[in-house]
Amino acid sequence: MNTEIACIRLGNSHVIPVTCPEISLQIMRKKDAIFASRPLTMATDVLSKGHLTTILSPLGDQWRKMKRVMVSEILSRERHRWLHEKRVEEADNLVRYVLNQCKNGDEGGLVDLRLVGRHYCCNVMRKLIFNRGYLGEGKADGGPGFEEEEYIDAIIALVIHLYSFCISDYWLFLRGLDLEGHEKIVEDATRVLEKYNNPIIEARIQQWRDGKKHEPQDLLDVLVSLTDDNGTPLLSADEIKAQVNEIMIAAVDNPSNNLEWALAEMLNKPHTLQKARDELDNVVGKHREAFRLHSVAPFSPPHVSVTDTTVGDYFIPKGSHVIVSRVGLGRNPNVWDDPGEFKPERHLQDCNKGEEVVFEEPDLRLFTFGRGRRGCPGVVLGSLMTTMLLARLLQGFDWSIQTNQGTIDLCPGRGVAFLAKPLLAVAKPRLPPHVYSFSTESEIQ
Ligand code: HEM
């Protein structure tokens, strides 16, 4: 509609999309406390077991408790250092898998980057939480087996449907009729995650209860062993199960989608690929650009206002759902020169001034992690996974477009932010063989 703010009445709710940095900043900085709640929807209810988690819960004691756990216990700097080895193991696993795809020919191997990115992110998160990357046997080449594929499909289905338009969220009497099929998709996908996660969680709770475990070895141990001031468990089994589901949804989609778009854009502009490899230290500039142009969700999660208020000259009634448009900010011609162009060097200018390029965006010229009370507490882990994914793939391999393909088609799929077709590219190892020495004989032969 070519406007910076709009108001759409859906049932009794006012839904307010925002596309400019100035209004977004007022909402997320100046009036952050007012816009700090979240809507109750069918999908958030199912996935969070009745709003027991962090991202999906409305403002209140439950959100406060879970956010504190996430910030202080799960995503703190100390915890990050503690988990270093597990992350390295999965980054090695990633390179080993791609190397295995190269073993069949001198011309390199054809690699599905969508599969690679999602598999890596899921493995990292399962490793950090459950101390195991695979749910089943996996494949001999290190790729995902049936169980891992079912798991990632469920995560992606949830990411797509979590805050997408569902008519019964606004006209509650329609709940149960499942007119657009969202209820079934969300329930089935949640069931898949629970089928794999819950037995591990229940067994672990039992181990702690039976006194068979005393020292945390992964994030699940941390969640299970937290106690309140009276020494009783801080989190119930349902809270742990719901929070683990939510962490998987929070952590997997952004880095893997970013990899696919960043590499697709760079394959079409080989000089940027060469430059990225030459300047791996600056690889973060490439991510920032892929986040700006191709964010995984079109809008921020909704911020619900807890009182009537005004922003700029606009009256916003209590209970409005404000959604900041990531496309509206990231491709805003008033903010960015050549907004549709992939020009990662625009982010490196900060570096030349002697500043480090970071993902956070204080002026909200793009919306990557959000800010304020509802801002993402996973910036360090999310940035690291995103950077590690692209950096290890660029460092380990030469990448090219398949012969006869011309260029990569940069069209998103219908109604989703992913590339319409998974990105396929040819990888060729570029380092001396001994550098890949973590790979076992049996896996690469
Ligand atoms: C590149 C990776 C990531 C990106 C781009 C990202 C982005 C975001 C965004 C946009 C929000 C919403 C902010 C808002 O509503 O204003 C958010 C919230 C959140 N993220 Fe992340 N995130 C990433 C990784 C992670 C990871 C790895 C975790 C945890 C393991 C995580 C945990 C959370 C949580 C718990 C919230 C909810 C905060 C709240 O509602 O109070 N994120 N993230």
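Residues numbered from 1 in each chain as written. Predicted model: local features only at pLDDT ≥ 70, side-chain atom pairs only at ≥ 80, totals over all residues. Heavy atoms only, no water.

- Per an unreviewed UniProt entry, the recorded name for the protein chain is Cytochrome P450, and the organism is Gossypium stocksii.

**Considerations on the overall build of the protein chain**
Here is step 1 of the chain: Each helix and strand counted, the protein chain has 16 helices and 9 strands in total.
Here is step 2 of the chain: Over its C-alpha trace the protein chain gives a radius of gyration of 22 Å, about what one expects of a compact globule, namely 22 Å for 445 residues.
Here is step 3 of the chain: By residue count, 54% of the 445 residues in the protein chain fall in the buried class.
Here is step 4 of the chain: Considering only intrachain contacts with a sequence separation of at least 6, the fraction spanning at least 24 residues in the protein chain is 73%.
Here is step 5 of the chain: Entry remark: accessible area of the protein chain is about 20300 Å², with carbon and sulfur atoms responsible for 51%.
Here is step 6 of the chain: Side chains of the protein chain carry 53 positive and 61 negative charges; the gap between the two charge centres is 3 Å. (Helix = DSSP H or I, 4+ residues; strand = E, 2+ residues; numbered from the N terminus. Rg over C-alpha atoms; globule rule 2.2 N^0.38 Å. Buried < 20%, exposed > 50% of the residue type's maximum accessible area, 1.4 Å probe, protein only. Contact = heavy atoms within 4.5 Å. Areas by Shrake-Rupley, 256 points an atom, 1.4 Å probe, with all protein chains shown as cover. Lys, Arg positive; Asp, Glu negative; His and termini not counted. Charge placed at Lys NZ, Arg CZ, Asp CG, Glu CD.)

**Regarding helix α15 (residues 379-396)**
Here is step 1 of the chain: When the terminal C-alpha atoms of α15 are compared, their 25 Å separation across 18 residues agrees well with the 26 Å that a helix rising 1.5 Å per residue should span.
Here is step 2 of the chain: Taking burial as the measure, the 18 residues of α15 include 13 buried ones, the bulk of the element. (Expected span 1.5 Å × (residues − 1).)

**Brief notes about the nonpolar core**
Here is step 1 of the chain: Core analysis: the largest hydrophobic core is formed by 90 residues, its most contacted members being M125, I155 and W399.
Here is step 2 of the chain: Among the elements that take part in this core, helix α10 (residues 237-268) stands out by supplying 14 residues, more than any other.
Here is step 3 of the chain: The residues touching W399, leaving out its near neighbours within four places in the chain, are V98, V111, L113, L263, L267, L273, L393, L394, A425, V426 and A427.
Here is step 4 of the chain: Core analysis: the second largest hydrophobic core is formed by 16 residues, I5, L25, V322 and L364 among them. (Core = buried A, V, L, I, M, F, W, Y, C linked by side-chain atoms within 4.5 Å.)

**Quick word on the UniProt feature "binding site: heme" (unreviewed entry) in the protein chain**
Here is step 1 of the chain: According to UniProt, the feature "binding site: heme" (unreviewed entry) maps to C376 in the numbering used here.
Here is step 2 of the chain: Its location among the elements puts C376 in the loop between α14 (345-352) and α15. (UniProt positions renumbered as here; feature names shortened; annotations may be inferred.)

**Observations regarding unusual backbone geometry**
Here is step 1 of the chain: Backbone geometry places H51, a non-glycine residue, at a positive phi of 65°.
Here is step 2 of the chain: Mapped onto the elements, H51 comes out in the loop between α2 (42-47) and α3 (61-74).
Here is step 3 of the chain: Judged by its relative accessible area of 13%, H51 falls in the buried class.
Here is step 4 of the chain: Here L364, not a glycine, exhibits a phi torsion of approximately 55°, which is positive.
Here is step 5 of the chain: The residue L364 is located in the loop between α14 and α15 in this model.

**Notes on the packing of aromatic side chains**
Two aromatic rings, taken as a pair, are described by how far apart their centres are and by the angle between their planes.
Here is step 1 of the chain: The tally for this structure, following the rule as stated, stands at 4 aromatic pairs.
Here is step 2 of the chain: An aromatic cluster is present here, built from F397, W399 and Y436 joined pairwise through their rings. (Phe/Tyr/Trp six-rings, centres within 6.5 Å; stacked < 30°, edge-to-face > 60°.)

**Side note on the sheet that holds strand β8 (residues 397-400)**
Here is step 1 of the chain: On the basis of which strands lie adjacent, the open sheet formed by 3 strands has the order β3-β9-β8 and antiparallel pairing. Strands with a single pairing partner mark the edges of an open sheet, and in this sheet they are β3 (109-112) and β8. Taking the axes of each pair of neighbouring strands and ignoring which way they run, one obtains an average angle of 40° across the sheet.
Here is step 2 of the chain: Pairing geometry for β3 and strand β9 (residues 424-429), over 4 bridges, is antiparallel. Bridging across to β9, D112 finds its partner in L424.
Here is step 3 of the chain: Packing against the sheet, helix α6 (residues 113-130) makes contact with β3, β8 and β9, and its axis sits at approximately 55° to β3. (Pairing = 2+ DSSP bridges. Axes fitted to C-alpha atoms, helices over the stretch in contact; angles between N-to-C directions.)

**Points about a nonpolar patch on the surface**
Here is step 1 of the chain: Nonpolar side chains collect at one region of the surface, where F165, W171 and F173 lie side by side and expose about 350 Å² of accessible area between them.
Here is step 2 of the chain: For W171, the position within the fold is in the loop between α7 (146-161) and α8 (182-209). (Patch = residues over 30% accessible without salt bridge, like charges linked within 9 Å, V, L, I, M, F, W, Y side chains within 5 Å. Salt bridge = Lys/Arg side-chain N within 4 Å of Asp/Glu carboxyl O.)

**Overview of the environment of M28**
Here is step 1 of the chain: By secondary structure assignment, the location of M28 is in helix α1 (residues 21-30).
Here is step 2 of the chain: Relative accessible area serves as the criterion here: at 2%, M28 is assigned to the buried category.
Here is step 3 of the chain: Spatially, the C-alpha atom of M28 lies 9.1 Å from that of L364, the residues being 336 residues apart in sequence.
Here is step 4 of the chain: If sequence neighbours within four positions are ignored, M28 has contacts with S300, H303, V324, L364, F367, R371 and G372.

**Description of empty space enclosed by the protein**
Unoccupied space between atoms shows up once a probe the size of one water molecule is rolled over them.
Here is step 1 of the chain: Summed over the entire model, instances satisfying the criterion amount to 2 cavities of 30 Å³ or more.
Here is step 2 of the chain: Taken as a whole, the largest cavity encloses approximately 80 Å³ of empty space.
Here is step 3 of the chain: Considering the residues around the largest cavity, the lining is formed by 14 residues, among which I74, L75, H80, L83 and L381 are closest to the centre.
Here is step 4 of the chain: The dominant element in the lining of the largest cavity, judged by the number of residues it contributes, is α15, at 3 residues.
Here is step 5 of the chain: The class makeup of the residues in the lining of the largest cavity is 9 nonpolar, 3 polar and 2 charged. (1 Å grid on protein atoms, 1.4 Å probe; cavity = no way out; pocket = protein on both sides within 12 Å on 5 of 7 lines; lining within 4 Å. Points joined across faces, edges and corners; volume = space filled by probe spheres on them. Nonpolar A, V, L, I, M, F, W, Y, C, P; charged D, E, K, R; others polar.)

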